[in-house]
Amino acid sequence: MLSPDPEEQAIAVFAALTDPTRRALLDELARAGPATVTDLARRLPISRQAVAKHLGQLAEAGLVSTGEPVGRRLPYQLEPAPIQAAQVWLAALANRWDARLTSLERALDADME
C-alpha cells in the first residue's frame with residue numbers, strides 16, 4: 001500500500017524499478033495492455049512463479065493493480081499515479097537544485113563585478 005507522503009511514494013517506485021525483471025514486466029504491460037501472470041510468463045523468459053513474485057512487489061509500490069477477473073483469470077494493469085508522484089517529487093528536487101544553482105550564479109556574477 002502506498003504512503004500518502006510523496007517522497008515515500010517516490011522511494012517505493014524507485015526501489016521497484018531497480019530490478020530489470022520488474023521493468024520488463026512494466027514494459028510488457030505498457031506495450032500490450034493488461035495481462036495475467038500466465039500470459040506474462042509466456043511472453044518473458046521467466047517462470048510463472050517469478051512473474052507472480054515481481055508483480056506482487058510492483059503492486060506493493062502501487063505500480064500495478066488487478067483488474068476485473070475473467071473467470072479464473074486475473075489480469076494485471078499499470079497504475080500511472082505512482083510514476084506521476086515520483087515525477088512530481090523529482091521535479092521539486094530539480095527546482096530546488098536549479099534555485100540553488102541560480103543563487104550561486106548570481107553570487108559569482110556579483111563577485112566578478
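Residues numbered from 1 in each chain as written. Predicted model: local features only at pLDDT ≥ 70, side-chain atom pairs only at ≥ 80, totals over all residues. Heavy atoms only, no water.

**Q** Just to check I follow, could you spell out the packing of helix α2 (residues 20-32) against helix α4 (residues 48-60) for this structure?
**A** Helix packing for two helices is described by the angle between their axes and how far apart those axes are. Contact pair α2 / α4: the axes reach a minimum separation of 10 Å and the direction vectors enclose 85°. Taken together, the axis directions place α2 and α4 in an arrangement best described as roughly perpendicular. Taken together, the residues of α4 that come into contact with α2 (itself represented by T21, R22, L25, L26 and L29) are V51, H54, L55, Q57 and L58. Partitioning the contact of α2 with α4 into residue classes produces six nonpolar, three polar and one charged. (Axes fitted to C-alpha atoms, helices over the stretch in contact; angles between N-to-C directions. Helix = DSSP H or I, 4+ residues; strand = E, 2+ residues; numbered from the N terminus. Parallel < 35°, antiparallel > 145°, perpendicular 65-115°, else oblique. Contact = heavy atoms within 4.5 Å. Nonpolar A, V, L, I, M, F, W, Y, C, P; charged D, E, K, R; others polar.)

**Q** Quick question: what am I supposed to make of helix α1 (residues 6-17) here?
**A** Owing to its 3.6 residues per turn, the α-helix aligns residues three or four sequence positions apart on the same side. Compared with an ideal rise of 1.5 Å per residue, which puts twelve residues at 16 Å, α1 spans 16 Å between its outermost C-alpha atoms and is within 8% of the ideal. Every buried residue of α1 is accounted for by Q9, A10, V13 and A16. Down the axis, α1 shows its buried residues gathered within 130° of arc, on one side only. (Expected span 1.5 Å × (residues − 1). Buried < 20%, exposed > 50% of the residue type's maximum accessible area, 1.4 Å probe, protein only. Arc of directions from axis to C-beta.)

**Q** Which parts of the structure should I look at to understand the nonpolar core?
**A** Nonpolar side chains tend to gather and get buried jointly when the protein is soluble and globular. Within the largest apolar cluster, 19 residues are counted, with the highest numbers of intra-cluster contacts made by L25, L40, V51, L55, L58, L63 and V64. Of all the secondary-structure elements, those providing two or more residues to this core are α1, α2, α3 (37-43) and α4. When residues no more than four places from it in sequence are discounted, the contact partners of L25 are L40, L44, V51, H54, L55 and L58. (Core = buried A, V, L, I, M, F, W, Y, C linked by side-chain atoms within 4.5 Å.)

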